[in-house]
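# A look at the structure
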Amino acid sequence: MPGAILPQYQRLGSGVPVSVIRRSLRPREKCLILLVFVTLGVVCFGAFFYLPDYGKLKPSGADRSVYYKVYQHVQKAGEDLLLPPSNFGKHGEDEDPHLVQDRYKLKNMIDNDAKDKVLDKPEISKNTEDNFGAERSNNQLESLQTSVQAKGDFGENLIPKLRNPLLTGGEDSDKTSRERRNTVQRMMKHAWENYVLYAWGKNELRPITKRGHSASIFGSASLGASIIDGMDTLYIMGMDDEYQKGREWIAQNLNLENVSADLSVFETNIRFVGGLLTLYAFTGDSLYKDKAVHIADKLLPAFNTQTGIPLAIVNSRSGVSKNYGWASGGSSILSEFGTLHLEFSYLSDITGDRKYREKVDKIRDVIKQMEKPKGLYPNYIHPKTGKWGQFHMSLGALGDSFYEYLLKAWLQSNKQDVEARILYDDAMQAIIEHMVRTSRGGLIYVSDMKFDRLEHKMDHLACFAGGLFGLGAKTQPNEQFSRHMEIAEGITNTCHESYIRSNTKLGPESFRFTESIEAKALKSTEKYYILRPETVESYLIMWRLTKEQKYREWGWEVVQALEKHCKVEGGYSGIKNVYADDPQKDDVQQSFFLAETLKYLYLLFSDDNLISLDEWVFNTEAHPLPIKDVNPFYRAA
Ligand code: DMJ
């Protein structure tokens, strides 16, 4: 047969001609066959040298990303690996309609087949896998992955960490903790439902008289503070219907355009801007980003001072700003102007607008160059002269969250903002030296200081410092580690003592250390408890850092006390005297009860992966903000 390489011979089998190859071959034929096999062998052998040498890769982060790159390429190519590319027929050629049909048929078959099966993720690292989990929003992650890939703004460091941080779920393996957590969720339901019923759209609820309430910090306007403050707690608890109702309210009603309200810059920032930013990080819903921008912009006129240190109050319509008359000759307050950094930095990153970060950088510039008496920060600065007001120092009222935001600015920046960490370390060193004391009974506390004199009193507000010292120590262990952990445990213990030394087992607003009393309030104006979160905040952080069971037990004591003394038919109320057997109620359900107290308690009885401290940093109102370059929900512009 002309053209055939090997000769064929006709033979009949069952009357049908079949082709056969002779048993023995001629030498020329043998040579030909050998040549074919040798050629094949050379091609296969050569191919080994052109393949990437994965075998040599070590399981380090950078090398792992090579695997991941290949994986990404395959994912990116997606259906085009199997199907004609989707731009087939462009560039002037007419697309063949049959091919298009076939393409869609094939695609449908693949889609249907893939419905229940997911492409296995490459084995990257057990640890990173363990730290993340997806209870909600696989779609969110998918779209996030796409946008991260499209923008390429995180670099390779993020790639091994592209997992869904846990926003809901997070049930603990321990049965008791699960039951306790359910109790906390029921508390949230009770608080929320009554707010919806009696005070919807108002700032807070009066649970006894069952009506709305507005503290002066919100101005006179009804801004739905409890909604914005409570929404991320609802989200974390998986209370979806309640969350949706809140979202609708925000979409339709949260608007300062025609409102004339004297807003506290600090409170509006930590509750409204902070709350909205968390919701944006959680969901990617641009409604929240837009509202955060809208509200933050209303605060900006307050920064128009000679030094850039903002004033305390701003009118939402006129922009006219002022300070409190009682604050050391019209000074601005350390805990207020020093508690803007997390929200304003993050706002700049998600909008791409530098103006917010510039404002807080300016504040940083002013305070870092000032001379500090004994290394301490007084609570007041005059915004015009940039000079300190009275030398009153406190880790409680008027000072507290300034110190918190130094540490957390460093954490939020994924430890890039080194200046913030240095300022934090120096400030805490001075506080340890001059203000941290141990009582005769062995209780560690942080005293207030007025000029050179210690006032042996600690505010409930300062009880967050247990968690703060712990977080600072654990995130950068150094030669100060043991001392800071000792103080962290000591302060948390002291705050617990202030609770259990009362009849209600709830802690007073302030407590003192004198010859005759320890960790107890003296004056009637110090004996109230307004549902504050700081003590349970430290329980949560210390539980996560140390795994000591006592913190969970202490948290449970608080739950029981709240149920016994603060729960009423119409919600939860603060009480006027923690030392009374049957204390009078103050008839206010603070919005921070929803934002902070119940959230911290819920997380205390959850698995650590729910709002992991490796991925999130709590703003001072317990709104978790994502950590840059680590948390894929950072959503930078
Ligand atoms: C909250 O608004 C914040 O925690 C703030 O930093 C201090 N006070 C309240 C709760 O007590």
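Here, every reference points to the structure presented above.
Notes on the structure in this doc start here.

Calculation criteria
- Residues numbered from 1 in each chain as written.
- Predicted model: local features only at pLDDT ≥ 70, side-chain atom pairs only at ≥ 80, totals over all residues.
- Heavy atoms only, no water.
- Near = heavy atom within 4 Å.
- Polar contact = N/O pair within 3.5 Å; in protein donor to acceptor, adjacent residues only side chain to side chain.
- Areas by Shrake-Rupley, 256 points an atom, 1.4 Å probe, with all protein chains shown as cover.
- 1 Å grid on protein atoms, 1.4 Å probe; cavity = no way out; pocket = protein on both sides within 12 Å on 5 of 7 lines; lining within 4 Å.
- Sits in = over half its atoms within 2 Å of the grid points.
- Helix = DSSP H or I, 4+ residues; strand = E, 2+ residues; numbered from the N terminus.
- Nonpolar A, V, L, I, M, F, W, Y, C, P; charged D, E, K, R; others polar.
- Points joined across faces, edges and corners; volume = space filled by probe spheres on them.
- Buried < 20%, exposed > 50% of the residue type's maximum accessible area, 1.4 Å probe, protein only.
- Contact = heavy atoms within 4.5 Å.
- Salt bridge = Lys/Arg side-chain N within 4 Å of Asp/Glu carboxyl O.

## Topic: the site of the ligand
As a matter of local geometry, the ligand sits amid Ile270, Arg271, Leu461, Arg532, Pro533, Glu534, Phe592, Glu596, Thr620 and Glu621. Separating an oxygen atom of the ligand from a side-chain N or O atom of Arg532 is a distance of 2.7 Å. Within the side chain of Glu534, one N or O atom sits 2.6 Å away from an oxygen atom of the ligand. Coverage of the ligand by the protein amounts to 92% of the 290 Å² it exposes when considered alone. If you map the ligand onto the pockets, it falls in the second largest pocket. Counting only elements with at least two residues in the shell around the ligand, the list comes to helix 9 (265-283) and helix 20 (591-604). A class-by-class count of the residues in the shell around the ligand yields four nonpolar, one polar and five charged.

## Points about the layout of surface pockets
A volume near 900 Å³ is recorded for the second largest pocket. What lines the second largest pocket is a set of 39 residues, and nearest its centre among them are Phe266, Glu267, Arg271, Leu461 and Arg532. Taken together, the elements giving at least two residues each to the lining of the second largest pocket come down to helix 9, helix 11 (334-337), helix 14 (400-412), strand 15 (457-459), helix 18 (534-546) and helix 20. Looking at the lining of the second largest pocket element by element, the count peaks at four residues for helix 9. Considered class by class, the residues forming the lining of the second largest pocket number 16 nonpolar, eight polar and 15 charged.

## Re the side chain of Gln590
Inspection of the secondary structure puts Gln590 in the loop between strand 19 (571-572) and helix 20. Residue class for Gln590 comes out buried when judged on its relative accessible area of 14%. Those residues in contact with Gln590, other than ones at most four positions away along the chain, are Glu204, Ile530 and Leu531.

## Examining the pattern of salt bridges
Applying the stated criterion across every chain yields a total of 38 salt bridges. One salt bridge connects Lys355 with Asp353, and the closest N-O pair in it is separated by 3.5 Å. Across the pair Glu515 and Arg440 runs a salt bridge whose closest N-O atoms are separated by 3.0 Å. Note that Glu515 is positioned in the loop between strand 16 (510-513) and strand 17 (518-520) and Arg440 in the loop between strand 11 (436-438) and strand 12 (444-446), a separation of 75 residues in sequence. Each member of the pair, Glu515 as well as Arg440, is classed as exposed. Within the structure, one salt-bridge network assembled from shared partners comprises Arg364, Asp365, Lys368, Asp417 and Glu419.

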